Amino acid sequence: MPASPSTARAINDRLALRLLQQDGPLTATQLKALTGLSRPTVADLVDRLQDAGLVRVVGESGSDRRGPNARLYGIVADRAHLAALDVRTDSVAVVVADLLGVTLAEATLPIGSDTGTKPAVERAVAMLEHTARTAGTAPLHSVGIGAPGLIDPVTGELRNTAGLPAWHGGLVRELQRRLPATVLVENETNLAAVAEHRIGAAQDRDTFVLLWLGHGIGAAVMLDGKLRRGASGGAGEIGFLPVPGTSGVPSAVNCDGGFHSLVGSAAICALAADHGIEVSGPSVAGAQEQDPAAAFAVRAALHADDAEGGAFLEALAGRLALGAASVVSVIDPGCLVLAGEVGRAGGDALAARVEERLARMSPLRTEVRAGTLGGGAVLRGALFAARDAAQDALFGAGG
């Protein structure tokens, strides 16, 4: 059945808003060309969106810069604000942005292991509220949170997970209770995959696996442009994968003896020490103070003049390929992204070594790429989640 007039208008409005968000500002003529709609239909939808306070004239285009066809229309980006949080075991980072994703304010809060649950939650909430005020007076519409651990696929809540701080769950619940905004929580590695898919190394791939290499490890599965979380939300908990070369096998509550024991930050640092690679902190070009020690080790190996640097990278690539081969044999993603601080530090050199090792171990051809967003991928992904939620609400029929 053909769509009703009201449904057709809503579809056209959302299409125009998406184009303005992605490619704007645009003229009415450009909107007509991109949407395939008639000139009168575009004129009507532009009027509707202006009346709803969703778009406005932001300038003019064209040689004469006169007349209605020269007007440039853009999203009213300050209609509401968005927030993104990257919740780690020892810190919380926050970014507040407008509806176009432009960063307006940001902050980071270290949280020591001896900090109690209530003080940790209060400090993190206070930091978010202060950062939101610094960004401006627009209301906070949606908050995206990236956190380690399992997210219940039915309730969307962060599940209690052994080994993670108790304040993680408390922070999510307190934000949901205190804020008038929509609060969304997602596994950090899944959000990194969203970011690498939209603006990073996997923009041309709708099917890929992301391997997160930071302080810990994780994986995310993107199939046909959609995240696959699994029946319990645990798809990608690759740290628990049993692999050869460890001293034991993991348990249901501890990933020691699993893939984590081969390629977690501590394991990589130990491997570097065995090869005479000194981990000296952010003294190598491209290193960041907050990077895990393993990222420093990888960068130091890449800059080393002796054979030990290359031998270390070969050994690390072999370890990464062990876990990756299991994923590739089951999913056949065609592309593997080495993300996180360590993946970015290794760059093309490490990715090429892993790809070569995989080609020896698996008949399934798999391209291996280095992530481009580093540790910032989680915040970017959380911001995308918040922006998508805000657009679904604000850009829907009736605004």
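Our subject is the structure listed above.
Quick caveat, the model's predicted, so the values are computed rather than measured.

Peer 1: What is the right way to read the overall build of the protein from this model?
Peer 2: Within the protein, the secondary structure is distributed over 12 helices and 12 strands. For 399 residues, the compact-globule estimate of 2.2 N^0.38 gives 21 Å, and the C-alpha radius of gyration of the protein, at 23 Å, lies within 12% of that figure. Principal-axis analysis of the C-alpha atoms places the extent of the protein at approximately 70 × 50 × 45 Å. A buried classification covers 51% of the 399 residues belonging to the protein. For the protein, contacts bridging at least 24 residues in sequence account for 64% of all contacts bridging at least 6. A total accessible area of about 18,100 Å² is found for the protein, and carbon and sulfur atoms account for 51% of it. Charged side chains in the protein number 34 positive and 42 negative. The centres of these two groups are separated by 8 Å.

Peer 1: Whenever I open this one, the pairing of strand S9 (residues 217-223) confuses me. Can you help?
Peer 2: Residues in a regular strand project their side chains so that they alternate between the two faces of the sheet. Of all the seven residues making up S9, six are buried; the element is thus mostly covered by neighbouring parts of the structure. Count of turn residues in the strand S8 (residues 208-213)/S9 antiparallel hairpin: three residues. Both S9 and strand S10 (residues 226-227) contribute to a ladder of two bridges, which runs antiparallel. Counterpart to Leu223 in the pairing with S10 is Lys226. Between S9 and the antiparallel strand that follows it, S10, lie two residues; Asp224 among them carries a positive phi value of about 55 degrees.

Peer 1: How do you make sense of the sheet that holds strand S6 (residues 140-147) when you look at a structure like this?
Peer 2: For sheets, the rule is that strands pair by backbone hydrogen bonds, running either parallel or antiparallel. With mixed pairing, five strands are arranged side by side in an open sheet as S5-S4-S3-S6-S7. Both edges of this open sheet fall to strand S5 (103-110) and strand S7 (182-187), since each of them pairs with a single strand only. Averaged over all pairs of adjacent strands, the angle between strand axes in this sheet comes to 15 degrees, irrespective of strand direction. Relative to S5, strand S4 (residues 91-98) is paired through seven bridges, and the arrangement is antiparallel. Along S5, the bridge assignment pairs Ala93 with Thr108. Running at roughly 160 degrees to S5, helix H4 (residues 117-135) makes contact with strand S3 (81-87), S4, S5 and S6 of the sheet. Sheet contacts for helix H6 (residues 188-199): S3, S6 and S7; angle to S7, the most-contacted strand, approximately 95 degrees.

Peer 1: Would you mind going over the pairing of strand S12 (residues 367-370) with me for this structure?
Peer 2: Taken together, the four bridges between strand S11 (residues 335-339) and S12 define a ladder with parallel strand orientation. Within the sheet, the bridge partner assigned to Val337 lies in S12 and is Arg369. Once the chain exits S11 it traverses helix H11 (residues 340-361) before rejoining the sheet at S12, and the crossover so formed is right-handed.

Peer 1: Would you take a moment to explain the pattern of salt bridges for this structure?
Peer 2: Side-chain pairs of opposite charge can arise whenever the charged atoms involved come near each other. Counted under the stated rule, the structure contains 19 salt bridges. Its salt-bridge partner being Glu122, residue Arg178 comes within 3.1 Å of it at the nearest N-O pair. A residue pair is termed long-range when its members are at least 10 positions apart, and Arg178 in helix H5 (residues 167-178) and Glu122 in helix H4 qualify at 56 residues. The class for Arg178 is partly exposed, based on a relative accessible area of 30%. Ionic contacts of the salt-bridge type, sharing partners, join the residues Glu122, Glu129, Glu174, Arg177 and Arg178 into one network.

Peer 1: In this structure, what is going on with helix H2 (residues 28-35)? I would like to understand it.
Peer 2: Because an α-helix packs 3.6 residues into every turn, residues spaced three or four apart end up facing the same way. Ala28, Leu31 and Thr35 are the residues of H2 that are buried. Viewed along the axis of H2, the buried residues span an arc of 55 degrees, placing them on a single side of the element. Buried positions along H2 lie against helix H1 (5-23), helix H3 (39-51) and strand S2 (71-75). In the segment just after H2, Gly36 is the residue with positive phi, at about 75 degrees.

Peer 1: Looking at this model, I keep getting lost on the sheet that holds S9. Mind explaining?
Peer 2: Taken in spatial order, the five strands make up an open sheet running S10-S9-S8-S11-S12, and their pairing is mixed. The outermost strands of the open sheet, each flanked by one partner alone, are S10 and S12. Each of S8, S9, S10 and S11 is contacted by H6, which is oriented at about 50 degrees to S9, the strand it contacts most. On the sheet, helix H10 (residues 307-331) packs against S8, S9 and S11 and is oriented at approximately 155 degrees with respect to S8.

Peer 1: Just to check I follow, could you spell out unusual backbone geometry for this structure?
Peer 2: Peptide bonds are, in most cases, trans, and in most cases residues other than glycine have a negative phi. Looking along the chain, the bond that leaves Gly24 and enters Pro25 is cis, with omega of 0 degrees. Locating Pro25 in the fold gives a position in the loop between H1 and H2. Positive phi values are uncommon outside glycine, yet Asp224 reaches one of about 55 degrees. Within the secondary structure, Asp224 sits in the loop between S9 and S10. Of note, Asp332 is a non-glycine position whose phi angle comes to about 50 degrees, a positive value. Tracing the chain through its elements places Asp332 in the loop between H10 and S11. Classification of Asp332 as partly exposed rests on a relative accessible area of 42%.

Peer 1: Even after reading the chapter, I still don't get the side chain of Asp13, so can you show me in this structure?
Peer 2: By secondary structure assignment, the location of Asp13 is in helix H1. Aside from chain neighbours lying at most four places away, what touches Asp13 is Leu45, Arg48 and Leu49.

Cut-offs applied
Residues numbered from 1 in each chain as written. Predicted model: local features only at pLDDT ≥ 70, side-chain atom pairs only at ≥ 80, totals over all residues. Heavy atoms only, no water. Helix = DSSP H or I, 4+ residues; strand = E, 2+ residues; numbered from the N terminus. Rg over C-alpha atoms; globule rule 2.2 N^0.38 Å. Buried < 20%, exposed > 50% of the residue type's maximum accessible area, 1.4 Å probe, protein only. Contact = heavy atoms within 4.5 Å. Areas by Shrake-Rupley, 256 points an atom, 1.4 Å probe, with all protein chains shown as cover. Lys, Arg positive; Asp, Glu negative; His and termini not counted. Charge placed at Lys NZ, Arg CZ, Asp CG, Glu CD. Pairing = 2+ DSSP bridges. Axes fitted to C-alpha atoms, helices over the stretch in contact; angles between N-to-C directions. Right-handed = clockwise from strand over helix to strand, strands pointing away. Salt bridge = Lys/Arg side-chain N within 4 Å of Asp/Glu carboxyl O. Arc of directions from axis to C-beta.

Remember that the coordinates give geometry; whether it matters functionally is a separate question.
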